[in-house]
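Coordinates in review
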There are 2 protein chains.
Amino acid sequence: MVNHRGPEFASVMTDVLQQLKPFFGTTREPLLLTGSGTGAQEAAIVNVLSPGDEVLAVTSGVFAERFAAIAEAFGAVVHRLQGEWGFPISPAAVRQSLKENPDTKAVLVTHNETSTGVTNDLAAIAEVVRDTRRSHHPLLIVDGVSSIGALPFEYDAWDIDVAITGSQKAWMSPPGMAMVVLSEHAWEAHREARMPRYYWDFTKARKNGDKRTTPFTPAVGVIHALQEALRIMTEEGPEQIFARHRRVGRRVREGVYELGLELFADPSAASNTVTAVRVPPDIDASRLIRDLRQRHHVVVGSGQDWLKGSIFRIGHMGWVHDEDVEHLLAGLRTALEDARLEEAV
Amino acid sequence: MVNHRGPEFASVMTDVLQQLKPFFGTTREPLLLTGSGTGAQEAAIVNVLSPGDEVLAVTSGVFAERFAAIAEAFGAVVHRLQGEWGFPISPAAVRQSLKENPDTKAVLVTHNETSTGVTNDLAAIAEVVRDTRRSHHPLLIVDGVSSIGALPFEYDAWDIDVAITGSQKAWMSPPGMAMVVLSEHAWEAHREARMPRYYWDFTKARKNGDKRTTPFTPAVGVIHALQEALRIMTEEGPEQIFARHRRVGRRVREGVYELGLELFADPSAASNTVTAVRVPPDIDASRLIRDLRQRHHVVVGSGQDWLKGSIFRIGHMGWVHDEDVEHLLAGLRTALEDARLEEAV
């Protein structure tokens, strides 16, 4: 294992940080954190907020709810803008909520809600938050775990304050590392922020990052994987990767319709990285998922929370191409036929 | 990447948890956390303590200081029992401190202080803490990051409450995962503990662990590596591994003396997993470390904190055997000779 305080590691880290920037749409330098996406959610909150701060959490799925729950666990006063699951967040509703809660210190938004297969219109939501900044400056904190690197993301242009993502999603690497970008506005908030923190502290991450190391031992192997993945991604190019995800996402949805199935998400906001499919009433969800895995080597996710048993979720981010989608759809077709035949026997 | 909610992962996790137990010296079930050793230190504190709780931190090195700093960051009232760096903690001093601070809720001990190359007499310290439990029940929280799996550790027999370790140390795996064991006493404290937490929450870890998964996406690749490492370790056997570390540690120290060098640690407490060596006054530490790496393919650590420049540290835990030590000592001999020759020119 390479020593994370040595020159080999520094060179890999320099390369990784540089190559991440175009996918975030930023010229700012990312920080590397050791942990999963949820750890990065926690880091994003505890580094810029203080107990008692008012937070607007825009929630319509498991991951947005988790973001809100973390803020509450650390003492924020959380106002929830509850959207219907499967539908995109309404920017007008965000505008209204910010009017009703003029002391809002931060807005928590999940760009792509993995539990429902919905991509929110982050550009429009960001515009609303930006508009209100003139008077009371809410921070825009974005969970981009299942979007950044696969979907268009314009950190600088949209004026985002904190954006997080995780190595195991669009970055095609094993889980274990998270990446975060902070604006100057967020760094200012960080200096005042009083939520307790040590492991996730961004001052430590930046101080060490400037020396091309991490404050604590990182998942070195994952960073090496990230370097190679980013080489491949840079070669393909951000625009080409975004186009491929659009094409793959569209083909998954078409295939799902062809099988007589329905999306859980409103089609206007269906995600190009994950598709949530309603399980037909005559099919047992857990059995379908098991058959897909055992007989067809297709791994799909189950529904989470109250959606368990009523949907399954197809991930299609990262190294996913047309032939993978056809393999998936063929397996799904046979598994559905088998399930119905066995049911009929 | 294997789905961490699927049966393949569950089987790997079951195997890993089972095989960890003999090295902790426990029949209790470990929890898996995604992060580095410092993350596990934070987890150990925030899960069993409340702001305002009095904590006795036994500190004589960088990692023990970090343990104390984390407790302070989360609002504990920390009493430091400052030992001299390079010397073992005196159990009698712990006894005295506990007498002077009768409201102590927890004692933080670093079993093996990686920054100074000292192994503390944990059995004796644990006995002192156990003695005082009759009246006021302090929790014994142990950082075993650089000890467990390489040095004898008797979680059950010594009556420890929280013990943590990290995948990249004795476990011969890449960094990214931490493992922790809790006593019933610690679980009771957990239910009352009010330090804010979400990502590190042990209730979530246990609830998911019982179903052989983790609350959030773990560093799956590291867990697979751990499984293979534990297979090798179980084959060699805990007693044989501890004996090998004793032999390797002794040989490193002998070799260091033969080169005319001095240990930083008091020889009575010199660690069998890491040896801190004083840099002679006529040698430039950073140059020696660089030469060892570039010319001899030997990677040693620099001194930390105020020891930077005055010591270097040789790690010898995990997959380290006699021939590795001879390779190290030969490289060190030549590097020292070269440094002196070049200095003389």
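These lines cover the structure that appears in this document, whether it is placed above or below.

Moving on to the sheet that holds strand β2 (residues 54-59) of chain B. The strands making up a sheet associate through hydrogen bonds between their backbones, and the pairing can be parallel or antiparallel. All names here are of chain B. Read from one edge of the open sheet, seven strands run β1-β9-β8-β7-β4-β2-β3, paired in mixed fashion. Of all the strands in the sheet, the pair left with one neighbour each is β1 (31-34) and β3 (77-82). With strand direction ignored, the average angle separating the axes of adjacent strands in the sheet is 20°. Of the strand pairs in this sheet, β1 and strand β9 (residues 177-182) are connected by four bridges, and their pairing is antiparallel. What sits directly across from leucine 33, in β9, is alanine 178. Its contacts with the sheet place helix α4 (residues 91-100) against β2, β3 and β4 (104-110), and it is angled at close to 160° to β2.

Let us look at helix α7 (residues 184-192) of chain B. In an α-helix, one turn spans 3.6 residues; hence positions three or four apart end up facing the same way. Those residues of α7 of chain B lying buried are Ala186, Trp187, Ala189 and His190 of chain B. Looking straight down α7 of chain B, one finds that the buried residues subtend no more than 160° of arc, so they occupy a single side.

Phi is positive for histidine 297 of chain A, close to 55°, though the residue is something other than glycine. Relative to the helices and strands, histidine 297 of chain A resides in the loop between α11 (285-296) and β11 (301-302). The phi dihedral of aspartate 159 of chain B falls on the positive side, at around 65°, and the residue is not glycine. Within the fold, aspartate 159 of chain B resides in the loop between α6 (155-158) and β8 (162-166).

If you walk through the whole model with that rule in mind, you get 40 salt bridges over all chains. Residue glutamate 65 of chain B pairs with arginine 80 of chain B through a salt bridge whose shortest N-O separation is 3.1 Å. Of this pair, glutamate 65 of chain B sits in helix α3 (residues 62-73) while arginine 80 of chain B sits in strand β3, and the two are 15 residues apart along the sequence. Notably, a salt bridge pairs arginine 247 of chain B with aspartate 322 of chain B, separated by 3.3 Å at the nearest N-O pair. In this pair, arginine 247 of chain B sits in helix α10 (residues 238-258) while aspartate 322 of chain B sits in helix α12 (residues 322-344), placing the two residues 75 residues apart along the sequence. Look at arginine 247 of chain B and you get partly exposed, because its relative accessible area is 37%. With a relative accessible area of 33%, aspartate 322 of chain B lands in the partly exposed category. Through salt bridges with shared partners, a single ionic network connects Arg251, Glu254, Glu258 and Glu326 of chain A.

This next bit is on the interface of chain A and chain B. Contact residues are listed per partner, giving 32 residues for chain A and 32 residues for chain B. Interface area for chain A against chain B, summed over the two sides, is near 2,600 Å², with a carbon-plus-sulfur share of 69%. On the chain A side of the interface with chain B, the three residues burying the most area are Pro175, Tyr198 and Tyr199 of chain A, jointly 23% of the side's total. Connecting chain A to chain B are zero salt bridges. Linking chain A to chain B there are four residue pairs in polar contact (both at pLDDT 80 or more). It is helix α3 (residues 62-73) of chain A that contributes the most residues to the side of chain A that touches chain B, four residues altogether. Residues that form the side of chain A that touches chain B fall into these classes: 18 nonpolar, nine polar and five charged.

The rules behind the values
- The numbers attached to residues start from 1 for each chain and follow its sequence in the written order.
- Chains carry letters from A onward and ligands carry numbers from 1 onward, assigned in written order.
- For a predicted model such as this one, the threshold for reporting local features is a pLDDT of at least 70, and the threshold for listing and counting side-chain atom pairs is 80 or more; totals across whole chains, interfaces and linings nevertheless cover every residue.
- Computation of side-chain values covers all heavy atoms of the structure but excludes hydrogens and water.
- One requirement defines pairing of two strands: DSSP has to find at least two bridges between them.
- Strands here mean DSSP runs of E at least two residues long; helices mean DSSP runs of H or I at least four residues long; both are numbered from the N terminus.
- For helices, the fitted axis covers only the stretch in contact; all axes are lines through C-alpha atoms, and the angles between them, taken along N-to-C directions, range from 0 to 180 degrees.
- The contact criterion used throughout is that any non-hydrogen atoms of two residues lie within 4.5 Å.
- Relative accessibility under 20% of the residue-type maximum defines a buried residue, over 50% an exposed one, and the middle range a partly exposed one, all with a 1.4 Å probe and only protein chains included.
- Each C-beta atom gives one direction from the helix axis, and the arc is the one those directions make.
- The term salt bridge refers to a side-chain nitrogen of Lys or Arg lying within 4 Å of a carboxyl oxygen of Asp or Glu.
- Put simply, buried area is the surface a 1.4 Å probe can reach on two separate parts but cannot reach once they are joined, added for both.
- Two N or O atoms form a polar contact when they lie within 3.5 Å of each other; inside protein one atom must be a possible hydrogen donor and the other a possible acceptor, and for residues adjacent in sequence the pair counts only when both atoms belong to side chains.
- Under the scheme applied, nonpolar residues are Ala, Val, Leu, Ile, Met, Phe, Trp, Tyr, Cys and Pro; charged residues are Asp, Glu, Lys and Arg; polar residues are all the others, including Gly.

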